[in-house]
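Below are the chains, spelled out letter by letter.
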Number of protein chains: 2
Amino acid sequence: MTAMKLTTLRTAFSGRLHTEAHDMAPFLTDWRGKWTGRALAVAQPDTAQDVAAVLRWCHEHRVPVVPQGGNTGLSGGSTPDGTGQALVLSLTRLTRVRAVDTINNTLEVEAGVTLQEVQAAAEQANRLFPLSLAAQGTCTIGGNLASNAGGVQVLRWGNARELCLGLEVVTAEGEIWNGLRSLRKDNTGYDLRDLFIGSEGTLGIITAATLKLFPRPAGQAAAFVAVPSPAVAVELLQLAQLRLASSLTAFELMSDACITLVEKHVDAARLPLSERSPWYVLVEVSDPVSEAQAAAGLEGLLEQALEQELATDAALSSSLAQFRALWALREDISESQGAEGKTIKHDIALPISAIAGFVEATSREIEAQFDGVRLVVFGHLGDGNLHFNLSPAEDRLGKAHEAAFVALEAPVNRLVHDAVAAAGGSISAEHGLGVLRRDESARYKSAVELKLMRAIKAALDPLNLMNPGKVLPAHEDK
Amino acid sequence: MTAMKLTTLRTAFSGRLHTEAHDMAPFLTDWRGKWTGRALAVAQPDTAQDVAAVLRWCHEHRVPVVPQGGNTGLSGGSTPDGTGQALVLSLTRLTRVRAVDTINNTLEVEAGVTLQEVQAAAEQANRLFPLSLAAQGTCTIGGNLASNAGGVQVLRWGNARELCLGLEVVTAEGEIWNGLRSLRKDNTGYDLRDLFIGSEGTLGIITAATLKLFPRPAGQAAAFVAVPSPAVAVELLQLAQLRLASSLTAFELMSDACITLVEKHVDAARLPLSERSPWYVLVEVSDPVSEAQAAAGLEGLLEQALEQELATDAALSSSLAQFRALWALREDISESQGAEGKTIKHDIALPISAIAGFVEATSREIEAQFDGVRLVVFGHLGDGNLHFNLSPAEDRLGKAHEAAFVALEAPVNRLVHDAVAAAGGSISAEHGLGVLRRDESARYKSAVELKLMRAIKAALDPLNLMNPGKVLPAHEDK
């Protein structure tokens, strides 16, 4: 690629074009520093029309495009490869909230609006946009949709996919598809929306979305509940769903090892129960009428649970401060695990009926096969989604042991993912494939499924310019 | 196609193969008798493996395939064309309930199981499968998914799409894709499931599905509410959503003309209110704990609604018989309209904020432009989905006036659909495109959207053998 050609790009759209190494650097490494690549340039267009202009230029010059939102992904989906041939297309300057409709309960936003700003726009209209996850201050709604993000409220409200009614997408040829419908029902053809959602920028680039809003719950309550095992936690989940239906807005499982890590690394953290338990569940209830009614629903559940021995102890929040403190115990696990040292992580989903057996058998297998490791298991039990993670054992902390621990990653991944596949599960529940799980995923998918995915990719991106190398591995016979 | 070739098909799979006219006849006409076609033969395979064998045979011999479930569709999607070259592939012998998982709340069923049998299998497991529509005794779950069916519970539970976790699909080449996941989260690649759902058999044939189940509500209550206008009905909907959140399980609008038709054609029907109103709403509330609690929630809503003049009168069900009688008023509209004479129907969706204005302006426009017609407007207001129908005026009933009324269909369709398109709506909210709305839909879709749809069709069905002529019109430049 010559400098002359880049000049034609510079004049083709409004917005920024970075070509200097120091300007490009922040876009070439993911936020955790796991993947670093090179790029021809970094484009920051201002509008969907500009995105289309950039893509037409890329199409004409056969330049691969790596779309990027807040760059907070966990699977390396938004980092360019090392060839330096791709253009990074950052959507962060598409920041308009285009429309709010409080009667239809919809919000139209551009791709670069951060998740937190989306939540704030909903709140300003006295509505709830329920997607919620740790990176919300930085991640963008475009990236959330491109990766079908999950988080802590999926049990009640669904993934990003379920919260989206319409999309605006720029195709590989640089055309704008206006699919910004704000309808609950539309059976006029193929579901293009859901095809682009979760495709990680490999089929087209999301530039705007119509999102669903909901009335804000009037009150919430949370409880931190001690349970003897994942099996009992699953029984408690059944009871909670039966008694509370969709008032049940979160059901999070965590092992005592998780809470011990949080207590070690977060000053204010303390277990709200008098005795330790091998496992805990965080239950959240939301009510449209009042906080008292939310608390009453939760108390009723806990009473029955204690009576039926589905819980050994429980602490109920009785103030907003307590509510937040209980949630902090759950939300600080990931950072605390990072503070402890190197990590081996898995983002898996299983049928809920298979979870207890999986945790027991796989934990036993890991302990039998690997030395010097500690299980750090937590996650969204209500969705069947666990972060089945490992840290070094307490006597293997420190630099000296790091290499030995890191060497375990591949065989531990294999053991865990084989067990997940055998139980009919998913090896990437909410983090997507990117490059991290691309080959591993292909290993478990059937030839028919890979063929269907490749046919769709070839149909919408015949020149393989849209985030190439992500989601699908290159293959020989094509 | 020679008889010799059909002999090779007969031996290629187990199940029935009909080639005699009288055996084939029931499969060649839709249930309302609007479309009649011809076929080479009708195959009724017994298993997904047999479906695959049939499709491999069709692929080898370049024979088009028209998949068919209960044949209750409203858009002509499962009737063959008049050439007699296609094979009708009936799924009605794939009738196994393969698995029930009450902990994961999932049900795996084959495509030919009727919706009512699916509901019964759920009930037997003390669970709810919430999809519910008039044809449920005959329509099949495969057809429901292929057309993304809606119905009266979509407000709370979603369309067929939202109730499905996984699919088994036979591709155009006759390969079986096992996508029967029973997971709430799976971000490992393109959303093939949602691509096949709603594609009306034009991309592949659904042979089985994993469905979501829910706890059965402990109690329900319904109210028949008089409202002065659609605008006020929309305000009442806002209030209901705010107060009841997801306890609100149905919110159906109907004009007085609808109820008058039901009273005329159904003996037992009577208006449960002392005075007539131009519009009515049927509100249903479901509660996980008790019927009393459902009734209390509904009473609270009605009290506030009457106070705020969002309702002028209301009748609350106080027994199961009354609950059913209120629902019958709504459910009998369609049949009563049919009993009255010829009909002109529209299955439209709009942003809820646009509905009141649309109904007012479009009704006025129709009355100004067309003589001898009567508006029969009802539907799922909570989903923004109206059946904006017409019957002959009371003084234009009878055979003598039929031709004049039928001649209005095309211009009335055009007027209504133009208004829908202008308001950002959909001309087929829940009935699909089939052949009925195929060309009309293409008229309103952008060139980019049609190009994307055609690219996907060509990628998955390059020989155009899967239900050809449905969903997408043939086009010249391809």
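About the thresholds
- Residues numbered from 1 in each chain as written.
- Chains lettered and ligands numbered in written order.
- Predicted model: local features only at pLDDT ≥ 70, side-chain atom pairs only at ≥ 80, totals over all residues.
- Heavy atoms only, no water.
- Helix = DSSP H or I, 4+ residues; strand = E, 2+ residues; numbered from the N terminus.
- Salt bridge = Lys/Arg side-chain N within 4 Å of Asp/Glu carboxyl O.
- Axes fitted to C-alpha atoms, helices over the stretch in contact; angles between N-to-C directions.
- Parallel < 35°, antiparallel > 145°, perpendicular 65-115°, else oblique.
- Contact = heavy atoms within 4.5 Å.
- Nonpolar A, V, L, I, M, F, W, Y, C, P; charged D, E, K, R; others polar.
- Core = buried A, V, L, I, M, F, W, Y, C linked by side-chain atoms within 4.5 Å.
- Buried < 20%, exposed > 50% of the residue type's maximum accessible area, 1.4 Å probe, protein only.
- Phe/Tyr/Trp six-rings, centres within 6.5 Å; stacked < 30°, edge-to-face > 60°.
- Lys NZ or Arg CZ within 6 Å of the ring centre and 35° of its normal.
- Least-squares fit on C-alpha atoms with pLDDT ≥ 70 in both.
- Left-handed = near helix turned anticlockwise from the far one by under 90°.
- Domains from an automatic or database assignment.
- Buried area = accessible area lost by both parts, 1.4 Å probe.
- Polar contact = N/O pair within 3.5 Å; in protein donor to acceptor, adjacent residues only side chain to side chain.
- Disulfide = S-S within 2.5 Å.
- Lys, Arg positive; Asp, Glu negative; His and termini not counted.
- Pairing = 2+ DSSP bridges.
- UniProt positions renumbered as here; feature names shortened; annotations may be inferred.
- Arc of directions from axis to C-beta.

**Structural notes on the environment of A:Q308**
Part 1 of the argument: Its place among the elements puts A:Q308 in the loop between α10 (291-307) and β15 (313-316).
Part 2 of the argument: In this structure, the C-alpha to C-alpha distance between A:Q308 and A:L236, residues 72 residues apart in sequence, is 9.6 Å.

**A closer look at the pattern of salt bridges**
Part 1 of the argument: Summed over all chains, the structure comprises 56 salt bridges over all chains.
Part 2 of the argument: Of the charged contacts, one joins B:E175 and A:K451 as a salt bridge, the two residues approaching to 2.7 Å between their closest N and O atoms. With B:E175 in the loop between β8 (164-170) and β9 (176-179) and A:K451 in helix α17 (residues 447-460), this pair bridges two chains.
Part 3 of the argument: Salt-bridge contacts for B:D395 lead to B:R396; the nearest nitrogen and oxygen are separated by 3.8 Å.

**Some points on the packing of helix α9 (residues 256-265) of chain B against helix α12 (residues 333-340) of chain B**
Residues and elements named next belong to chain B.
Part 1 of the argument: Taken N-terminus to C-terminus, the directions of α9 and α12 make an angle of 70°; their axes are 8 Å apart at the nearest point. With respect to α12, the axis of α9 lies roughly perpendicular. Note on element contacts: α12 touches α9 through I333, S336, Q337, A339 and E340, opposite C258, L261, V262, K264 and H265.
Part 2 of the argument: Taken together, the residues of the contact of α9 with α12 sort by class into five nonpolar, three polar and two charged.

**Re the nonpolar core**
A general feature of soluble globular proteins is that nonpolar side chains tend to end up buried together.
Part 1 of the argument: Ranked by size, the top nonpolar core spans 85 residues in total, and within it A:F129, A:L145, A:L167, B:F129, B:L145 and B:L167 carry the most contacts.
Part 2 of the argument: Filtering out sequence-adjacent residues up to four positions away, B:F129 remains in contact with B:L115, B:V118, B:Q119, B:A122, B:I141, B:L163, B:L211, B:K212 and B:L213.

**Some remarks on the packing of aromatic side chains**
Part 1 of the argument: The tally for this structure, following the rule as stated, stands at eight aromatic pairs over all chains.
Part 2 of the argument: Ring centres 5.9 Å apart and planes at 35° place the aromatic pair B:W177 and B:F196 in the tilted group. With B:W177 in strand β9 and B:F196 in helix α7 (residues 192-196), this pair connects stretches of sequence that are 19 residues apart.
Part 3 of the argument: Residue classification places B:W177 among the buried residues on the basis of a relative accessible area of 2%.
Part 4 of the argument: Directly above the aromatic system of A:W157 lies the positively charged group of A:R156, at a separation of 4.1 Å from the ring centroid.

**Structural notes on the relation of the copies chain A and chain B**
Part 1 of the argument: Of the transformation superimposing chain A on chain B, the axial component is 0.0 Å and the angular component is 180°, with the fit at an RMSD of 0.0 Å. Read as a symmetry element, the transformation amounts to a two-fold axis.
Part 2 of the argument: The share of interface residues of chain A whose copies in chain B are also at the interface is 100%, consistent with both copies meeting through the same surface.

**Some thoughts on the packing of helix α8 (residues 230-244) of chain A against helix α13 (residues 352-369) of chain A**
Residues and elements named next belong to chain A.
Part 1 of the argument: Put simply, α8 and α13 touch, their axes get as near as 8 Å, and they point 165° apart. Taken together, the axes of α8 and α13 are roughly antiparallel relative to one another. Helix-helix and strand crossings are classified by hand; for α8 and α13 the assignment is right-handed. Residue-level contacts link P230, A231, V234 and L237 of α8 to I352, A356 and V359 of α13.
Part 2 of the argument: Residues belonging to the contact of α8 with α13 are distributed by class as follows: seven nonpolar, no polar and no charged.

**Overview of the domain arrangement of chain A**
Residue and element names in this part refer to chain A.
Part 1 of the argument: Taken domain by domain, chain A consists of domain 1 (3-90), domain 2 (97-215), domain 3 (219-333) and domain 4 (341-422).
Part 2 of the argument: The C-alpha centroid of domain 3 is placed 30 Å from the C-alpha centroid of domain 2.
Part 3 of the argument: The interface of domain 2 with domain 3 comprises five residues on the first partner and nine residues on the second.
Part 4 of the argument: Of the roughly 590 Å² buried between domain 2 and domain 3, counting both surfaces, carbon and sulfur atoms make up 59%.
Part 5 of the argument: When residues of domain 2 are sorted by the area they lose upon contact with domain 3, V152, L155 and R156 head the list and together hold 81% of the total.
Part 6 of the argument: Counting the contacts that link domain 2 with domain 3 gives zero salt bridges.
Part 7 of the argument: Between the two partners, domain 2 and domain 3, sit one residue pair in polar contact (both at pLDDT 80 or more).
Part 8 of the argument: Taken together, the residues that form the side of domain 2 that touches domain 3 break down as three nonpolar, one polar and one charged.

**Points about the state of the cysteines**
Residues and elements named next belong to chain B.
Part 1 of the argument: For the structure on display, the rule yields zero disulfides over all chains.
Part 2 of the argument: Here C164 is not disulfide-linked; the sulfur of C139 is the nearest cysteine sulfur, at 15 Å.
Part 3 of the argument: On the accessibility criterion, C164 (2% relative accessible area) is buried.

**Describing the interface of chain A and chain B**
Part 1 of the argument: Contact residues are listed per partner, giving 84 residues for chain A and 84 residues for chain B.
Part 2 of the argument: Carbon and sulfur atoms make up 57% of the surface buried where chain A meets chain B, a total of about 6,300 Å² over both sides.
Part 3 of the argument: Contact with chain B buries surface across chain A, with A:K185, A:N187 and A:Y190 losing the most and accounting together for 16% of the total.
Part 4 of the argument: For the pair chain A and chain B, the number of links is 12 salt bridges.
Part 5 of the argument: Across the pair A:E173 and B:K451 runs a salt bridge, and its minimum N-O distance is 3.4 Å.

**Regarding unusual backbone geometry**
Part 1 of the argument: Even without being glycine, A:N126 reaches a positive phi, approximately 60°.
Part 2 of the argument: Judged by its relative accessible area of 49%, A:N126 is partly exposed.

**Overview of the side chain of B:D30**
All names here are of chain B.
Part 1 of the argument: Mapping D30 onto the fold places it in the loop between α2 (21-28) and β2 (41-45).
Part 2 of the argument: It turns out D30 is buried and unbridged, and the closest side chain with the opposite charge, R32, is 4.4 Å from it.
Part 3 of the argument: Among the polar contacts listed, one links the side chain of D30 to the backbone nitrogen of W35, at a separation of 2.7 Å.
Part 4 of the argument: Among residues more than four places away in sequence, those in contact with D30 are W35, N71 and T79.

**Observations concerning the sheet that holds strand β4 (residues 87-90) of chain B**
Residue and element names in this part refer to chain B.
Part 1 of the argument: If you walk across this open sheet you meet the four strands as β1-β2-β4-β3, and the pairing is mixed. Sheet topology places β1 (15-18) and β3 (65-68) at the edges, where each strand pairs with a single neighbour. Direction aside, the axes of adjacent strands within the sheet are offset by 20° on average.
Part 2 of the argument: The pairing of β3 with β4 spans four bridges and is parallel. Residue pairing across strands places V66 opposite V88, the latter belonging to β4.
Part 3 of the argument: Strands in contact with α2 are β1, β2, β3 and β4; relative to β2, the strand with the most contacts, it is inclined by about 75°.
Part 4 of the argument: The sheet contacts of helix α3 (residues 48-61) involve β2, β3 and β4, and relative to β4 the element is tilted by about 170°.

**Side note on the environment of A:V227**
All names here are of chain A.
Part 1 of the argument: Mapped onto the secondary structure, V227 falls in strand β12 (residues 219-227).
Part 2 of the argument: With a relative accessible area of 0%, V227 lands in the buried category.
Part 3 of the argument: For the pair V227 and L9, spaced 218 residues apart in sequence, the C-alpha to C-alpha distance is 60 Å.
Part 4 of the argument: Ignoring sequence-local partners within four residues, the contact set of V227 consists of V232, A233, L236, S277, P278, W279, Y280, V281, L310, A311 and T312.

**A short note on the side chain of B:K445**
Part 1 of the argument: The residue B:K445 is located in the loop between α16 (438-444) and α17 (447-460) in this model.
Part 2 of the argument: Using a relative accessible area of 12% as the deciding quantity, one classes B:K445 as buried.
Part 3 of the argument: Filtering out sequence-adjacent residues up to four positions away, B:K445 remains in contact with A:R181, A:T188, B:L450 and B:M453.

**Some words on the UniProt feature "domain: FAD-binding PCMH-type" (unreviewed entry) in chain A**
Part 1 of the argument: With numbering aligned to this structure, UniProt lists the feature "domain: FAD-binding PCMH-type" (unreviewed entry) at residues 35-216 of chain A.
Part 2 of the argument: Helix makes up 21% of residues 35-216 of chain A and strand 25%, and the two end C-alpha atoms of the span are 39 Å apart.

**Let's talk about α2(B)**
Residues and elements named next belong to chain B.
Part 1 of the argument: Turning to α2, its buried residues are M24, F27 and L28. Looking straight down α2, one finds that the buried residues subtend no more than 95° of arc, so they occupy a single side. Residues of α2 that are exposed and angled more than 90 degrees away from the buried face: H22 and P26.
Part 2 of the argument: Tucked inside the fold, the buried residues of α2 contact β1, β2, β3 and β4.

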